[in-house]
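Now for the letters of each chain:
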Amino acid sequence: MAVTRRHLLRSSAASLTLPLLGACASPLAPRTADTGRKVFLHGVASGDPSQDSIVLWTRATPQQDGTPLTVGWTLYADPQGRRPLQRGEVSTHGDRDYTVKVIVDGLTPGRTYYYRFIAAGEASPLGRTRTLPGFGVDRLRIAYTSCSHWLFGYFNAYGAMARRNDLDLVLHLGDYIYEYGNGEYGDGTELGRRHAPDREITTLADYRERYALYRTDEDLQELHRQHPMVVIWDDHESANNSWRDGAQNHNEGEGAWATRKGAAVKAWHEWLPTREAQSPGDAQIWRSFRFGNLLDLTMLDTRLYGRDREAASPKDHAVIQDPKRSLLGPTQEAWLYDQLRRSKGDGVSWRILGQQVMLGHLGGYGDTPILNTDQWDGYPHARTRLLDVLEEGGIDDVAVLTGDIHSSWAMDVARDPFGAAYSASSGKGSLAVEFVTPSVTSPFLTDRKAAEARAAQGLEAHPHMRFIDLFHKGYVLLDITRDRLQGEFWHLATITEKRREERLAAAYLTARGNNHLEAARGASAPGTLQEPAA
């Protein structure tokens, strides 16, 4: 699903989009300047930008279920909302849970815009968004995270990213919601953060209600309001350890997997600012974004589209070593390899792969050659095929961005990081680098001393790893120039209180052509992009 110019989403009514020469009156204009938040309870969002278009999103809460709502939207040139550029109207209804998406075309590359929705006499909060830059861009700032579990704490990481005024884009690498009931995995009672519905979600109505709960979070709303976002799912948007034809947490009595998967996919698209596939329930979310000739961003699905079933245990060698097994599926694999070769052929400086599970080796020592069969370690031939493409094609300057594991990791990616062909000091044998983001709230180890001890053991046993933190929550900030790509791990003071404190825990960079991580001197300088906040 390449990001291309499209018409308004098929599921919404046709939009009347008119360029404005002045602040023309709208038939949907609010009756007063501030009518309260009765309609736009879930904020606004934007996403999947291209150089000339952007997806705008909101949900208009109906005051009477079953009645279609007409929603107006306006795109502005200024943060005061005084210079309208385009506007239109769409209809939304219960078939899409009263969510609204508009694809606004005809925009200028690398430009910041502002937008607002109006429905039932109420104006939404003002949002800010940005198109992808064209040729000539020489620096980018991208923040990303994953794994935001409502029951474990406050979404302070979202607030921290929202306050960064120099970001070009925010990525979410999956587990935007969790499917469990309270007490099954996490208990939010003491924090006043119980799940709704308070049971494991399995139906379309369940998934919609869970997204509606998460989207009431103030920090998550503010992140969406201030920055365009590109999202992919992991497993908990459907069920734990899901794959193409099932999931570990899909059990007897929960209906057909295809039905549950279809419901999860539909709700995900309804509630997030994505460009939807042509077929309802289509699980194809892999897509690419080009930032001039500085960066190609390729977002993958290692979870629902083509993943074969996970091995039952790390000792199930017959399954793990089956050369036909895949995380991506043949179609997505071929598409990815074509993207990488084309990027190199077009002279793009950097290639980033945004995906769900750790690509680098974890384990490979003692009598436990694999520690986690859910990761690429459990699909070694799929990893080898990808590394073959990089090495045989001379495709350098690849950074892999990963979520899922609720902890911070920075590493070189080599065929065999435990063998003589790889040098930890020089980086010889490394074909890419990988930054694994900490989670927003989901835990790895909750005892800090135990986490520090395990991290030290991990670094000692894994020569290709530069940084491991198994305790703190937060996000990764990427600062990208022509000469180097730097990844910074920003950790929060706490998730059990609403607080703003954050600190730089570690920073590593890869120089152009090196395919190898080395320690950076500190945080990168603030970006030159400093557009007014919405």
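Residues numbered from 1 in each chain as written. Predicted model: local features only at pLDDT ≥ 70, side-chain atom pairs only at ≥ 80, totals over all residues. Heavy atoms only, no water.

### Re the overall build of the protein
For the protein, the helix and strand inventory stands at eight helices and 25 strands. In terms of its C-alpha atoms, the protein occupies a principal-axis envelope of roughly 70 × 55 × 45 Å. By residue count, 61% of the 534 residues in the protein fall in the buried class. Considering only contacts within the protein whose residues lie at least 6 apart along the sequence, 73% involve residues at least 24 apart. Positive and negative side-chain charges of the protein, numbering 61 and 68 respectively, have mean locations separated by a distance of 5 Å. (Helix = DSSP H or I, 4+ residues; strand = E, 2+ residues; numbered from the N terminus. Buried < 20%, exposed > 50% of the residue type's maximum accessible area, 1.4 Å probe, protein only. Contact = heavy atoms within 4.5 Å. Lys, Arg positive; Asp, Glu negative; His and termini not counted. Charge placed at Lys NZ, Arg CZ, Asp CG, Glu CD.)

### Some details on the packing of helix H2 (residues 204-214) against helix H4 (residues 257-271)
The interhelical angle for the contact between H2 and H4, taken along N-to-C directions, is 35°, at an axis separation of 8 Å. Between H2 and H4 the crossing geometry is right-handed. On H4, the residues that touch Leu204, Tyr207, Arg208, Tyr211 and Ala212 of H2 are Arg260, Ala263, Ala264, Lys266, Ala267, Trp268, Glu270 and Trp271. Considered class by class, the residues forming the contact of H2 with H4 number nine nonpolar, no polar and four charged. (Axes fitted to C-alpha atoms, helices over the stretch in contact; angles between N-to-C directions. Left-handed = near helix turned anticlockwise from the far one by under 90°. Nonpolar A, V, L, I, M, F, W, Y, C, P; charged D, E, K, R; others polar.)

### Considerations on helix H8 (residues 448-461)
Look at H8: 20 Å from first C-alpha to last across 14 residues, which is about the 20 Å you get at 1.5 Å a residue. Considered for burial, the residues of H8 that qualify are Ala451, Ala455 and Gly458. Projection of H8 onto a plane perpendicular to its axis shows the buried side chains occupying an angular sector of 60°, all on one side. In this structure, H8 carries Lys449, Gln457 and Glu460 as exposed residues pointing more than 90 degrees from its buried face. N-cap assignment for H8: the residue whose side-chain oxygen lies 3.2 Å from the backbone N of Lys449 is Asp447. (Expected span 1.5 Å × (residues − 1). Arc of directions from axis to C-beta. Polar contact = N/O pair within 3.5 Å; in protein donor to acceptor, adjacent residues only side chain to side chain.)

### Quick word on the side chain of Asp175
On the secondary structure map, Asp175 appears in the loop between strand E11 (169-172) and H2. Although Asp175 lies buried, it forms no salt bridge, and the closest oppositely charged side chain, Arg303, sits 6.7 Å away as judged by the N-O distance. A polar contact of 3.0 Å, which involves the side chain of Asp175, links it to the backbone nitrogen of His236. Dropping the residues within four chain positions of it, Asp175 is found in contact with Cys147, Ser148, Asp234, Asp235, His236, Glu237 and Asp404. (Salt bridge = Lys/Arg side-chain N within 4 Å of Asp/Glu carboxyl O.)

### With respect to the sheet that holds strand E17 (residues 350-354)
Read across the sheet, seven strands follow the order E15-E16-E17-E18-E20-E19-E21 without closing on themselves; strand pairing throughout is mixed. Two strands close off the open sheet at either side, each with one partner strand: strand E15 (287-291) and strand E21 (465-469). Neighbour to neighbour, the strand axes of the sheet diverge by 20° on average, direction disregarded. Of the pairings in the sheet, the one linking E17 to strand E18 (residues 398-402) comprises four bridges and is parallel in character. When the bridges of E18 are listed, Arg351 appears paired with Val398. (Pairing = 2+ DSSP bridges.)

### Points about the layout of surface pockets
Approximately 500 Å³ is the volume attributed to the largest pocket. Lining the largest pocket are 25 residues; nearest its centre among them are Leu362, Ile405, Trp409, Phe444 and Arg454. Among the elements that make up the lining of the largest pocket, the one with the highest residue count is H8 (four residues). (1 Å grid on protein atoms, 1.4 Å probe; cavity = no way out; pocket = protein on both sides within 12 Å on 5 of 7 lines; lining within 4 Å. Points joined across faces, edges and corners; volume = space filled by probe spheres on them.)

### Description of the environment of Arg383
In this structure, Arg383 sits in helix H7 (residues 380-392). Once the C-alpha coordinates of Arg383 and Gly306 are considered, the two residues, 77 residues apart in sequence, prove to be 14 Å apart. With sequence-adjacent residues up to four places away left out, Arg383 is seen in contact with Leu359, Gly360, His361, Trp376 and Asp377. At a separation of 3.2 Å, a polar atom in the side chain of Arg383 contacts the side chain of His361.

### What about the pairing of strand E22 (residues 474-481)?
Most of E22 is tucked away, with eight of its eight residues classed as buried. Bridging between strand E10 (residues 139-145) and E22 involves six bridges; their strand directions are antiparallel. Considered in E22, the bridge of Leu140 is made with Ile480. Note: E22 against strand E23 (residues 484-492), seven bridges, orientation antiparallel. Within E23, the position partnered with Leu478 by the bridge is Gly487. Counted between consecutive antiparallel strands, the loop separating E22 from E23 contains two residues.

### Observations regarding the confidence of the model for the protein
Of the residues in the protein, 91% have a pLDDT of 70 or more, and the chain-wide mean is 92. This model gives residues 1-35 a pLDDT under 50, and the stretch forms 86 contacts once residues within four places in sequence are excluded. (pLDDT = per-residue confidence, 0-100.)

### Focus: the packing of helix H6 (residues 330-345) against H7
H7 packs onto H6 with a crossing angle of 20° between their chain directions and a minimal axis gap of 10 Å. The orientation of H6 with respect to H7, classified from their angle, is roughly parallel. The handedness of the crossing between H6 and H7 comes out as right-handed. Along its contact with H6, which presents Glu333, Leu336, Tyr337, Leu340 and Arg341, the element H7 presents Ala382, Arg385, Leu386, Val389 and Leu390. Residues belonging to the contact of H6 with H7 are distributed by class as follows: seven nonpolar, no polar and three charged. (Parallel < 35°, antiparallel > 145°, perpendicular 65-115°, else oblique.)

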